[in-house]
Each structure stands twice: as C-alpha cells, then as structure tokens.
Amino acid sequence: MNVIQYQQMKSTEDIGWYLVGLGNGFDFSNTELQSLKERELYCLPPKSKLSEREIRGLVDSWISEQSISEILLIEIEPVLLSQLIKKYPCR
C-alpha cells in the first residue's frame, strides 16, 4: 500500500485491520528469527505488543517529516519496518 492509498483509507476501519495485520506479520517474523537464533528485526520491550495506535503513529510521523510530493508512491510497509527498527533497536 503506497502513501496515497494509505491517506485515502486512513479514516476507514479497514486500514486499522491492515495495520494490525502488518504489525503482527513483523512480530511473527521476529519470532521465527528468534527460533532460528538469528538477529531480530527490532526489539520491543518485554511483554510489549504493537497497538494500532502506535503503528499508525509511526507511519503518520514518518509521512509528516517528508516532502509529501516526493513520497506519494512509496510503500508504507518498509516505512513501518524502518520506523520500528529505529524506535526499537536490538542491543
């Protein structure tokens, strides 16, 4: 989903479900990496879970920091992942 699509769907319930599913997918990837004894993508504090509000905030924050005309076709999935890595680095 690119930034244009995200902005168009931002007020719908569907986008909330999509963002939660995206966050869950990244969490599942981390779980698989842990089981393989590989480095995780990002490291949430113990017993923490990503909420729709936090995911939305990370994406919205990134969008607000950019020149909107240059990012309209950028996909939000790698944006979210890079924001999670930045906010929750593994030590």
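No experiment lies behind these values; they were computed from the predicted model shown.

Attention now goes to the state of the cysteines. In this structure the tally under the stated criterion is one disulfide. Residue Cys 43 pairs covalently with Cys 90 via a disulfide, S to S 1.9 Å. Disulfide Cys 43 to Cys 90: torsion about the S-S bond roughly 100°, handedness right-handed. Note that Cys 43 is positioned in the loop between α2 (13-35) and α3 (52-64) and Cys 90 in the segment after α5 (76-87), a separation of 47 residues in sequence. Taking relative accessible area as the criterion, Cys 43 reaches 26% and is therefore assigned partly exposed. Cys 90 sits in the buried class, given a relative accessible area of 14%.

Assignment of secondary structure puts Glu 77 in helix α5. Lacking a salt bridge, the buried Glu 77 has Arg 56 as its closest oppositely charged neighbour, with an N-O distance of 14 Å. For Glu 77, the contacting residues outside a window of four places in its chain are Met 1, Tyr 18, Leu 22 and Phe 26.

Going through the model one piece at a time under the given rule, you end up with three salt bridges. Its salt-bridge partner being Asp 60, residue Lys 10 comes within 3.4 Å of it at the nearest N-O pair. Of the two residues, Lys 10 is situated in the loop between α1 (3-9) and α2 and Asp 60 in helix α3; the sequence distance between them amounts to 50 residues. Measuring nitrogen to oxygen at the nearest pair gives 2.7 Å for the salt bridge that ties Glu 52 to Arg 56. Of the two residues, Glu 52 and Arg 56 are both situated in helix α3; the distance of four residues between them amounts to about one turn of the helix. Take Arg 56: its relative accessible area is 18%, and that puts it in the buried class.

Reading the values: the criteria
- Residues numbered from 1 in each chain as written.
- Predicted model: local features only at pLDDT ≥ 70, side-chain atom pairs only at ≥ 80, totals over all residues.
- Heavy atoms only, no water.
- Disulfide = S-S within 2.5 Å.
- Helix = DSSP H or I, 4+ residues; strand = E, 2+ residues; numbered from the N terminus.
- Buried < 20%, exposed > 50% of the residue type's maximum accessible area, 1.4 Å probe, protein only.
- Lys, Arg positive; Asp, Glu negative; His and termini not counted.
- Salt bridge = Lys/Arg side-chain N within 4 Å of Asp/Glu carboxyl O.
- Contact = heavy atoms within 4.5 Å.

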